[in-house]
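Chain residues, written in single-letter form:
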Amino acid sequence: MQNSYLNNLKVLDISQGVAGPFCAKLLGDLGADVVKIEPPEGDISRQYGPFPDGTADPEKSASFFFFNTSKRGVVLDLESADGKDALARLVTEYDVVIAGESEEILRGRGLSYEDFRGWNPNIILTTISGFGSFGPHSEYQSSHLVAGAMGGFSTYCGVPDREPLQTGGATSETLTGAFAAVATSLAVAGRAQHGGGEHVDVSIQEAVLVCASFPTLTYEYAGLLRDRYSSVGGGAGACYMVPTREGYIGLNALTRAQWDMMCRFLDLEYIATDPYFEDVSWNKPDERLEEIRAAFCEAVKDRTAADLFHEAQGDRVPFGLVPDLSGVFSLPPHLERKFFQKISHPVAGPVTIPGIPFNIAGRDDQLTIQRPPLLGEHNDEILGALDSVTPIPENDPNTLDEPSPLPLKGLRVLDLSMFFAGPVCSQILADAGADVIKVESVQRIDGWRASIAREGFTAPAWESAPHFNWVNRNKRDITLNLTDPRGVKILKRLVRDADVVMENYTPRVMDKFGLGFETLREIKPDIIMISLGGFGSDVTWRDYVAFGMSTEQMSGLSNLTGYEGEGPLFTGTTGGDIYSGVMGAHVLLAALHERRVTGKGQHINLSQMEACNLYIGDAMTGLSLAGVDPGRTGNKHALFAPQGIYPCLADRWIGISCRTTDEWQNLANLIDPELAPRFPDVETRQQKELDSIIGGWTIERDADALMSELQAFGIAAGVVQNGPDLLRDPQLKARGSLLVQDRPGLREMHYPNQPYRFRNAMIPPNMRAPLLGEHCLEVLTQEADVSDEELGELFIDDVIGMDPIASR
């Protein structure tokens, strides 16, 4: 059955590669009518592969296949007058255009935002580029590796005394595509209110800045400028991936209690109790981390990863499996939820790809993904009908609308989620104008409040945690003890006026509270509930514990991250949380879009593990279609060569990607003109000998000056930026990529903004994250009908509570 979420949305995709097509795919997979417009030679991803049987048939490219599902396809030469005329007439009939270039570059091609408005004043144009439009680097060339260097991935990914690394897959670009789908849906929601068009501009560098997060936040909060050390992951103490008798196991502990449980589970309780290890931290690495690694390796060497995983989960310790891509396909939750979909293609044959990362209980029209188009397959159907399209009268493209209201103004969200994935989702809504009420309790505050608290501030520890203070901006905060019937009663009162309830507990918790979906729907029939569980609430692993490190491991991303031929590494970020939260927002906005049409609510049962796997869906498709699991390839790219991260003066590094033969020729001419004939093709340019030559050249040069020089020759290059670099980056400053906020007991700090900008909408609010229970009095008395007498009793019995700072 045809997907129904976005059925009345019509999208033109004129982008190529990864980020833009992934954005359009996400919209199409949820029902939008997407038409892909390719140049005569086809989308560049038709060359990426991998291909089956050593062929290079563009219809069998796994990359193109995955990033272009659920689209029809036409060929148009947009550099020609006839191509632009056909595009103009198509735009009159469509709602959204997705472009993979900055606005400046589009303008140079005669496709400015004003041109699109001239063809359709209500059009939404989404531009996606390496550094975003408008700013000193807006026309810089980019790649996944370069964006990771410039946005903060590579400064933490890798190990000491080795070169920094790109994260596995093309995750900087797929994450940006997901953010772009979210931003596009927000613009669509805004147009439903005010009727006007919009220009949405999305930056890959900023998406990386958001996902990396640690370089700027740990520098400002703690003055830390730590080196890359992603052989351990973030958490209490540290997280590890170590070999067992069969497979790697992820040894993860997010909280101190989990660290203690993990050490006891491994019969290594002395590590948790010995004062020598008391302050060991992944964030301040020293030799003790390697002593612990050695002890952990010894403890698990005779066990299998699967046995350890299930046994630890029985004790509620969040271990993770670290499968290769074949192992990801066979994980039980994926099989039970039928996550992977087999698609029949007239040239490539049957291909199995990642599907939709959520289920809806009781829904008849289950979502199915359509195959990608052949090159020009729908020319007659779509372009042949253009004669019947009447172009609209010319208007004044220079007349822009007054700033329009924020797209989610008037929407109310009750956010019961903790830590990161859920709060990332609700932050996106809050930044777009939604009234988000965060629900904690004095008995169980959000765990982020207890993470990486810093000394030297007068604020209490729970108000000085950088990630909590970042991801909870623009929200109100109340405390309710939901194990007390009075707390549940108050929450039910708030549900009466809510549109969305969000939670990321294990499935048993909400029912235990008496707040399951059926109960909420009785109170508010059109309520939308989203549950962001680790594995989904309808699988045998439903009660297993998961968080960012384990979803990163089990999604397959760890299989792709690391030095060539060596063991898996962490990405150096918060793991899968950002990826899950952004995908959750995409799904939730589609559900809200559908509710505007049908008036119906629903319960979205999302799996974070599935959501994370979508971001490496091209690699999953490569295994199914071509039998290729690339594994860990360091800084290499299958088509871009040479590509690597090379040393510069003053212990700095630069990422370089030669995406075409012309770019390689330009680089070779700068180094030594005789290099080009010595390394004439991609295969020879992948050799370590060439990397050594380039590294010997770059090490004598200043990183910033070299980046500018290479970019002037059209070569994608970017400095590996640490926290201070990012805080002073001119492009990030020009785009307002870091928001300044003050907080009682701290000082002014910079927090990552969303990686997209709306040209016509009002400037989003910038309200600091709430203090614990800061809005209890306001919300409970004005919106939950709690009397003064009740309020006193609730405070006395700790059903509600407030931070002493908030009470002042």
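For clarity, every value in this text was computed on a predicted model and none was experimentally measured.

Asker: Outline the overall build of the chain, listing residues and values.
Answerer: Of regular secondary structure, the chain possesses 36 helices and 25 strands. For the chain, the C-alpha radius of gyration of 26 Å lies close to 28 Å, the compact-globule estimate for 808 residues. The dimensions of the chain, computed from C-alpha atoms along their principal axes, are 75 × 65 × 50 Å. Taken across its 808 residues, the chain has 64% of its residues classed as buried. Sequence-distant contacts in the chain: of pairs separated by 6 or more residues, those separated by 24 or more amount to 77%. About 28000 Å² of surface is accessible on the chain, with carbon and sulfur atoms providing 50% of the total. Within the chain, the 111 negative side-chain charges are centred at a point lying 3 Å from the centre of the 69 positive side-chain charges.

Asker: So what's going on with the packing of helix α7 (residues 171-194) against helix α8 (residues 204-212)? Residues and values would help.
Answerer: At a minimum axis distance of 9 Å, the contact between α7 and α8 shows a crossing angle of 95°. Put simply, α7 runs roughly perpendicular to α8. Of the residues in α8, those touching α7 at Ser172, Glu173, Leu175, Thr176 and Phe179 are Ile204, Ala207, Val208, Val210 and Cys211. Taken together, the residues of the contact of α7 with α8 sort by class into seven nonpolar, two polar and one charged.

Asker: Residue-level account of the pairing of strand β2 (residues 33-38), with values.
Answerer: The element β2 is extensively covered by neighbouring structure, given that five of its six residues are classed as buried. As defined by bridge partners, strand β1 (residues 10-13) adjoins β2 across four bridges and the pair is classed as parallel. Paired with Asp13 across the strands is Lys36, a residue of β2. Pairing geometry for β2 and strand β3 (residues 71-75), over five bridges, is parallel. Each residue of the ladder has a partner; that of Val34, found in β3, is Lys71.

Asker: Hey, could you go over the packing of α7 against helix α24 (residues 577-598) for me, with residue numbers and the actual values?
Answerer: Running from amino to carboxyl end, α7 crosses α24 at an angle of 25°, the nearest separation of the two axes being 10 Å. In this view, α7 runs roughly parallel relative to α24, as classed from their interaxial angle. In this structure, α7 crosses over α24, and the sense of that crossing is left-handed. The residues of α24 that touch α7, namely those facing Thr171, Leu175, Ala178, Phe179, Ala181, Val182, Ser185, Leu186, Val188, Ala189 and Ala192, are Ile578, Tyr579, Val582, Met583, Ala585, His586, Leu589, His593 and Arg596. Broken down by class, the residue content of the contact of α7 with α24 amounts to 15 nonpolar, four polar and one charged.

Asker: Let's hear about helix α30 (residues 688-698): which residues, and what values?
Answerer: Within α30, the full set of buried residues consists of Leu690, Ile694, Gly695, Trp697 and Thr698. Looking straight down α30, one finds that the buried residues subtend no more than 160° of arc, so they occupy a single side. Every exposed residue of α30 that faces more than 90 degrees away from the buried side is listed here: Lys688 and Ser692. Of the surrounding secondary structure, the elements contacted by the buried residues of α30 are β20 (643-648), β21 (652-657), α27 (661-671), α29 (682-685) and α31 (703-712).

Asker: With reference to specific residues and values, describe the nonpolar core.
Answerer: Formed by 114 residues in total, the largest nonpolar core has its most connected members in Phe358, Val582, Leu588 and Ile604. Ignoring any residue separated from it by four or fewer positions in sequence, one finds Val582 in contact with Leu175, Ala178, Phe179, Val182, Val424, Ile428 and Tyr615. Among the nonpolar cores identified, the runner-up in size contains 41 residues, and Ala238, Phe296, Phe319 and Leu321 belong to it.

Asker: Residue-level account of the pattern of salt bridges, with values.
Answerer: Tallied over the entire structure, the rule returns 58 salt bridges. In this structure, the salt-bridge partner of Arg757 is Glu206, at a minimum N-O distance of 2.5 Å. Placement of the pair is Arg757 in strand β25 (residues 756-758) and Glu206 in helix α8, with a sequence separation of 551 residues. Note on Glu206: relative accessible area 1%, which makes it buried. Arg768 is the partner of Glu774 in a salt bridge, and the nearest nitrogen-oxygen pair spans 2.9 Å. Here Glu774 falls in the partly exposed class, since its relative accessible area comes to 21%. Linked by salt bridges that have partners in common, Arg412, Asp435, Arg476, Glu778 and Glu783 make up one network.

Asker: Account for the side chain of Lys438, naming residues and giving values.
Answerer: Inspection of the secondary structure assignment puts Lys438 in strand β15 (residues 435-440). Residue Lys438 is classed as buried on the basis of its relative accessible area of 0%. Within polar-contact distance, the side chain of Lys438 engages the backbone oxygen of Ser417 at 3.1 Å. Polar contacts involving the side chain of Lys438 include one to the side chain of Asp446, which spans 2.8 Å. If near-sequence neighbours (up to four positions away) are discounted, Lys438 is found in contact with Asp415, Ser417, Pro423, Asp446, Phe468, Asn472, Arg476, Asp477 and Ile478.

Asker: Give a description of the sheet that holds strand β8 (residues 239-243) that names residues and reports values.
Answerer: Sheet strands pair via backbone hydrogen bonds, and the direction of the pair is either parallel or antiparallel. Ordered by their spatial adjacency, four strands build an open sheet running β7-β8-β9-β10, and the pairing between neighbours is antiparallel. Two strands lie at the open edges of the sheet, namely β7 (232-233) and β10 (320-321), each paired on one side alone. Pairing of β7 with β8 involves two bridges; the strand directions are antiparallel. Among the inter-strand pairings, Gly233 is bridged to a residue of β8, identified as Cys239.

Asker: Explain the state of the cysteines to me, and be specific about the residues and the numbers.
Answerer: Throughout the structure, instances matching the rule amount to zero disulfides. The structure places no disulfide on Cys648, whose sulfur is separated from the nearest cysteine sulfur, that of Cys658, by 14 Å. Assessed through its relative accessible area of 4%, Cys648 is described here as buried.

Asker: Please set out the sheet that holds β21 residue by residue, giving values where relevant.
Answerer: Taken in spatial order, the three strands line up as β20-β21-β22 in an open sheet, and their pairing is antiparallel. The sheet terminates laterally at β20 and β22 (716-719), the two strands that pair on one side only. Averaged over all pairs of adjacent strands, the angle between strand axes in this sheet comes to 20°, irrespective of strand direction. On top of the sheet, helix α6 (residues 144-151) reaches β20, β21 and β22; it is set at about 20° to β22, its chief contact.

Asker: Could you give an account of the packing of aromatic side chains, naming the residues involved and the relevant values?
Answerer: Inspection of every chain in the model, using the stated rule, returns 30 aromatic pairs. Taking the centre distance of 5.1 Å and the plane angle of 80° together, the rings of Phe420 and Trp448 count as edge-to-face. With a gap of 28 residues between them, Phe420 in the loop between β14 (412-415) and α17 (421-431) and Trp448 in the loop between β15 and α18 (466-471) connect regions that are remote in the sequence. In this structure, Phe420 and Trp448 share a single accessibility class: buried. In this structure an aromatic cluster arises from ring pairing among Phe22, Phe66, Phe67, Tyr579 and Tyr615. The ring of Phe66 carries the charged tip of Lys25 above its face, separated from the ring centre by 4.3 Å. The ring of Tyr276 carries the charged tip of Arg288 above its face, separated from the ring centre by 6.0 Å.

Asker: Can you break down helix α22 (residues 548-555) residue by residue, with the values?
Answerer: Counting buried residues in α22 gives eight out of eight residues, a clear majority hidden from the surface. Here α22 has its buried residues at Gly548, Met549, Ser550, Thr551, Glu552, Gln553, Met554 and Ser555. After α22 finishes, the residue Gly556 shows a positive phi value of roughly 105°.

Asker: Can you tell me about the side chain of Gln205, naming the residues and giving the values?
Answerer: Following the sequence through the fold, Gln205 ends up in helix α8. In contact with Gln205, other than residues within four places in its own chain, are Gly130, Phe131, Met150, Gly151, Gln721, Asp729, Gln731 and Leu732.

Thresholds, definitions, all that
Numbers given for residues are sequential positions, taken from 1 along each chain in its written order. A pLDDT threshold of at least 70 governs which residues receive local features in this predicted model, and a stricter bar of 80 or more applies before side-chain atom pairs are shown or counted, although totals over entire chains, interfaces and linings include all residues. Only hydrogens and water are set aside; all other atoms, that is, all heavy atoms of the structure, feed into the side-chain values. A run of H or I in DSSP becomes a helix once it reaches four residues, and a run of E becomes a strand once it reaches two; helices and strands are each numbered from the N terminus. We compute the radius of gyration from the C-alpha atoms alone; for a globule the expected value is 2.2 Å times N to the 0.38, where N is the number of residues. For the exposure calls, accessible area comes from a 1.4 Å probe over protein chains only, and a residue counts as buried if that area is under 20% of its type's maximum, exposed if over 50%, partly exposed in between. In what follows, a contact means two residues having at least one pair of non-hydrogen atoms within 4.5 Å. Residue burial considers only the protein chains on display, and all accessible areas are found by Shrake-Rupley using a 1.4 Å probe. Here the positive residues are Lys and Arg and the negative ones are Asp and Glu; neither His nor the chain ends is included. A charged residue contributes its charge at one atom only: NZ of Lys, CZ of Arg, CG of Asp or CD of Glu. Note on method: axes are straight lines fitted to C-alpha atoms, helices fitted across the in-contact stretch only, with angles between N-to-C directions ranging 0 to 180 degrees. An angle below 35 degrees is read as roughly parallel, one above 145 as roughly antiparallel, one from 65 to 115 as roughly perpendicular, and any other as oblique. Any residue that is not Ala, Val, Leu, Ile, Met, Phe, Trp, Tyr, Cys, Pro, Asp, Glu, Lys or Arg is counted as polar, Gly included; the first ten are nonpolar and the last four charged. Following DSSP output, two strands are said to pair if at least two bridges run between them. Whether a crossing is left-handed or right-handed is set by the direction in which the near helix is turned from the far one by less than a right angle, anticlockwise for left-handed and clockwise for right-handed. The arc in question is the one traced by the directions running from the helix axis out to the C-beta atoms. Residues belong to one nonpolar core when they are buried, are Ala, Val, Leu, Ile, Met, Phe, Trp, Tyr or Cys, and are joined through side-chain atoms within 4.5 Å. For this analysis, a salt bridge means a side-chain nitrogen from Lys or Arg found within 4 Å of a carboxyl oxygen belonging to Asp or Glu. By the criterion applied in these results, polar contacts are pairs of N or O atoms within 3.5 Å in which, for protein atoms, one can donate a hydrogen and the other can accept it, and in which residues neighboring in sequence qualify only through two side-chain atoms. We call a pair of cysteine sulfur atoms a disulfide when they lie within 2.5 Å. Two rings from Phe, Tyr or Trp (for Trp, the six-membered ring) form a pair when their centres are within 6.5 Å of each other. A pair whose planes differ by under 30 degrees is stacked, one over 60 is edge-to-face, and the rest are tilted. Counted as over-ring charges are cases with an Arg CZ or a Lys NZ within 6 Å of the ring centre that also lie within 35 degrees of the ring normal.

Interpretation note: all reported values are geometric properties and have no functional meaning in isolation.
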